[in-house]
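# Structure assessment
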Amino acid sequence: MTSNLGQPQAFIKKNLVPVLADLRLAIVLLLAIALFSISGTVIEQGQSLEFYQANYPEEPALFGFLTWKVLVTVGLDHVYATWWFLSLLILFGTSLTACTFMRQLPALKAARSWKFYKKPRQFDKLALSTTLDPGQKPFLLEALAKNRYKIFEEDQSIYARKGMPGRIGPIIVHASMILILLGSIWGSLTGFMAQEMIPSGTTAKVSNIVKSGPWSGAQIPDDWAVQVNRFWIDYTPEGQIDQFYSDLSIVDEDKNELDRQTIHVNQPFKHKGVTLYQADWSIAGVRVQLNNSPVLQLPMAPLEAAGGRIWGTWVPTKPDLSAGVTLLTTDLQGTVVVYDESGKLVSTVRTGMSTDVNDISLKLVELVGSTGLQIKSDPGIPWIYSGFGLLMIGVIMSYVSHSQIWLLTVEDQLYVGGRTNRALLTFERELVEMIESSTPDAALSPPTTPQPQEVA
């Protein structure tokens, strides 16, 4: 009695696996992944619904069909986290795995086996073949060994090969691509990205999550916060921004410092799998002193202005708030312009300086900057980097030629032939040179005309 459990397995092995291992399917999947990856690059990802409604209206629709409704419904606003994009990656990885086990590993096993030719007619199918005097055999074996061929002998038959890395390379390429896909999928499922604007001298927890995977909860830190000890900007002599810096500390719930580092653009801060990047900056507030009053810190808000960024605030000059002045600035270099209630320019003041307005002395103590941090965690990155490293190794190995040479002694003839999977002209030159080195005084029979190559 036959078990029904073996029938699905036999069906999968006979029908499904060959389809998955088909090179045409892999090419189609790769093109689809590339196409949607391009769309994820062209279309802004992770923006608000209002953004897509404003930039992709229904009338007129982009290309006649691409509207904000289509983007949001299909998921083109977050391509890399959609179920169908992850499904494409999984299917492509499955296709690579099936191809590896059905094609690459059997080819490697066949290449490693010893193939002895026993009959002269077997040399007819080789790309290069000739006949020599049997007395040249020892010299030819010496030439093979000198050219780093591994030699196997059985009776009157000899098989020599070299370049096994060329057969292993494609397998490593497949394994590396599978590793990259696994890293991408794992990163999409478990990673997150947050953006925080933190004023200098304050502490904030990671809370403004802009993108996260369904299993990212364990990665989002809840037992530590980011403390901005100081934020500052270096300017060029022309007044342009040269670099901006953040002196950051990682603190626990009791404000104990766990780690500390100064970051700038292209120099991130890494802590327990979470990376903090210097991404933006702003002006959080201004500290001023009115006559001999305590120092007041007032928030500054970004204002709409043509040609650049500008921040402003209003400073009361009377206790009943019936009068005041407006302070405006464009950077953290310490220069602030003062306008009265009618919009007239009153004065320009720098950090540490004072000016008289509305019968009081207004001293500019400090401009307070905010650091803009991009906080990311992608657990799949080590897999991706390892995959790319293996990919480079595999590609280099794949360029190594796998060459095979056969010798057969029959009566008064030594049959010699060989083939390779690439660089046929180089292999032909090498084989001719080895034959010539084994026949210093003998007339050689020239190799036969190369025929279409059959790779083992």
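Position numbers for residues start from 1 in each chain and track the written sequence from start to end. Residue-level local features of this predicted model are given only where pLDDT is at least 70; pairs of side-chain atoms are given and counted only at 80 or more, and the full residue set underlies all totals for whole chains, interfaces and linings. To get the side-chain values, take all heavy atoms of the structure and skip hydrogens and water.

### Observations regarding the pattern of salt bridges
Counted only if it meets this: For salt bridges, the criterion is a side-chain nitrogen of Lys or Arg within 4 Å of an Asp or Glu carboxyl oxygen. Secondary structure elements are taken from DSSP: a helix is a run of H or I of four residues or more, a strand is a run of E of two residues or more, and numbering for both begins at the N terminus. Burial here depends on accessible area, computed with a 1.4 Å probe over protein chains only, as a share of the maximum for the residue type. Under 20% is buried, over 50% is exposed, and the range in between is partly exposed.
By the definition in use, this model includes 8 salt bridges. One salt bridge in this structure joins Glu 58 and Lys 69, with 3.7 Å as the shortest N-O distance. Within this pair, whereas Glu 58 is found in the loop between helix 3 (49-55) and helix 4 (68-74), its partner Lys 69 is found in helix 4, the two being separated by 11 residues in sequence. When its relative accessible area of 42% is taken as the criterion, Lys 69 is described as partly exposed. Between Glu 366 and Arg 287 there is a salt bridge; the shortest N-O distance is 3.3 Å. One end of the pair, Glu 366, is in strand 19 (residues 360-377); the other, Arg 287, is in strand 11 (residues 274-290), with 79 residues separating them in the sequence. Three or more residues are tied together by salt bridges with common partners; here these are Asp 247, Glu 257 and Arg 260.

### Notes on the packing of helix 6 (residues 137-146) against helix 9 (residues 424-437)
Convention followed: Under this scheme, a helix contributes an axis fitted over its contacting stretch, all axes are lines through C-alpha atoms, and angles between N-to-C directions fall in the 0 to 180 degree range. Angles below 35 degrees are treated as roughly parallel, those above 145 as roughly antiparallel, those between 65 and 115 as roughly perpendicular, and all remaining angles as oblique. Crossing handedness follows the turn of the near helix against the far one: under a right angle anticlockwise gives a left-handed crossing, and clockwise gives a right-handed one. In what follows, residue pairs with any heavy atoms lying within 4.5 Å of each other are defined as contacts. Side-chain classes follow a simple rule in which Ala, Val, Leu, Ile, Met, Phe, Trp, Tyr, Cys and Pro form the nonpolar group, Asp, Glu, Lys and Arg form the charged group, and the remainder, Gly included, forms the polar group.
Running from N to C, helix 6 and helix 9 point in directions that differ by 135 degrees, and their axes come no closer than 8 Å. With respect to helix 9, the element helix 6 is oriented oblique. Helix 6 and helix 9 meet at a crossing whose hand is right-handed. Contacts between helix 6 and helix 9 pair Leu 140, Ala 143 and Leu 144 from the former with Met 434, Ile 435 and Ser 437 from the latter. Looking at the contact of helix 6 with helix 9 residue by residue, the class counts come to 5 nonpolar, 1 polar and no charged.

### Some words on the confidence of the model for the protein
In plain terms, the rule: Each residue carries a pLDDT score, the predictor's confidence in it, ranging from 0 to 100.
Per-residue confidence for the protein gives a mean pLDDT of 87; residues scoring 70 or more make up 93%. Of all helices and strands in the protein, the one with the weakest mean pLDDT is helix 1 (residues 6-20) (68), whereas strand 9 (residues 257-264) scores best (95). Every residue in residues 442-456 is under pLDDT 50, and counting partners more than four places away or in other chains gives 36 contacts.

### Observations concerning the sheet that holds strand 8 (residues 241-251)
Put simply, the test is: In short, DSSP must find at least two bridges between two strands for them to pair.
Strands sit in the order 5-7-8-9 across an open sheet of 4 strands; the sheet is antiparallel. With partners counted over all chains shown, the strands left at the sheet margins are strand 5 (203-204) and strand 9, one partner each.

### What to know about a negative patch on the surface
Just so we agree on the cut-off: Here, patches come from residues exposed beyond 30% relative accessible area and free of salt bridges, joined within 9 Å for like charges and within 5 Å for nonpolar side chains (Val, Leu, Ile, Met, Phe, Trp, Tyr). Computed with a 1.4 Å probe, the accessible areas rest on the Shrake-Rupley method; for each residue, only the protein chains presented here act as cover. Under the counting rule used here, the positive set is Lys and Arg, the negative set is Asp and Glu, and His together with the chain ends is not counted. Every charge is mapped to an atom, namely NZ of Lys, CZ of Arg, CG of Asp or CD of Glu.
A cluster of acidic residues, Asp 222, Asp 223, Glu 253 and Asp 254, forms a negative patch at the surface. Examined against the element boundaries, Glu 253 turns out to sit in the loop between strand 8 and strand 9.

### A word on the layout of surface pockets
Filter applied, for reference: Points on a 1 Å grid, built from protein atoms alone, make a cavity when a 1.4 Å probe fits but cannot get out and make a pocket when they are open with protein on both sides within 12 Å along at least 5 of 7 lines; residues with an atom within 4 Å of a point are the lining residues. Grid points are joined across faces, edges and corners, and a volume is the space filled by probe spheres set on the points.
By volume, the largest pocket is sized at about 820 Å³. Contributing to the lining of the largest pocket are 31 residues, with Tyr 80, Ser 184, Ser 188, Lys 211 and Asp 378 lying nearest its centre. If you list the elements that add at least two residues to the lining of the largest pocket, you get helix 2 (23-42), helix 5 (83-112), helix 7 (165-190), strand 4 (192-199), strand 6 (209-212) and strand 19. Residue contributions to the lining of the largest pocket peak at 7 residues, all from helix 7. Taken together, the residues of the lining of the largest pocket sort by class into 15 nonpolar, 12 polar and 4 charged. Estimates place the volume of the second largest pocket at around 270 Å³. Along its surface, the second largest pocket is lined by Lys 270, Gly 273, Thr 275, Tyr 277, Lys 376, Ser 377, Asp 378, Ile 381, Pro 382 and Tyr 385. Contributions of two or more residues to the lining of the second largest pocket are made by strand 11, strand 19 and helix 8 (381-398).

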